[in-house]
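# Breakdown of the fold
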Amino acid sequence: MNIELTKEDIEFLVLLLEREHKTALVEQRHTAHYDYKQIVKARIAEIENLLSTLAKAS
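Below you will find a few notes about this structure.

## Topic: helix H2 (residues 34-57)
For H2, spanning 24 residues, the distance from its first C-alpha to its last is 35 Å, which sits close to the expected 34 Å at 1.5 Å a residue. Within H2 the residues assigned to the buried category are Val40, Ile44, Ile47, Leu51 and Leu54. Of the surrounding elements, those touching the buried residues of H2 are helix H1 (7-30).

See below:
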C-alpha cells in the first residue's frame, strides 16, 4: 500500500513520533515490571523504525 504524503505531512508525523519516542524512553526508565518494560522496548523499536522510514521518504 502506497500513501502519498506532502513534506508538511511527513514533518508533522516526525514531530508526533519524536514526542512519543521521548515519552516511551521515560516510561521505560521508570517501569519496574520486566514484562511491561519489554512491551515498551518493542514500541520504541517500532517508533524508531517508522522515523527512519520517514527520514528516507523526505
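That shown, we press on.
## Regarding H1
In a regular helix each residue adds 1.5 Å, so 24 residues correspond to 34 Å; H1 covers 35 Å between its end C-alpha atoms and thus fits that length. When H1 is considered as a whole, its buried residues turn out to be Ile10, Leu17, His21, Ala24 and Gln28. Packed against the buried residues of H1 are H2.

## Re the nonpolar core
Within the largest apolar cluster, five residues are counted, these being Ile10, Leu17, Ile47, Leu51 and Leu54. Breaking this core down by element, the ones donating at least two residues are H1 and H2. No other element matches H2, which puts three residues into this core. Dropping the residues within four chain positions of it, Leu17 is found in contact with Ile47, Leu50, Leu51 and Leu54.

Reading guide: rules and limits
Residues numbered from 1 in each chain as written. Predicted model: local features only at pLDDT ≥ 70, side-chain atom pairs only at ≥ 80, totals over all residues. Heavy atoms only, no water. Helix = DSSP H or I, 4+ residues; strand = E, 2+ residues; numbered from the N terminus. Expected span 1.5 Å × (residues − 1). Buried < 20%, exposed > 50% of the residue type's maximum accessible area, 1.4 Å probe, protein only. Contact = heavy atoms within 4.5 Å. Core = buried A, V, L, I, M, F, W, Y, C linked by side-chain atoms within 4.5 Å.

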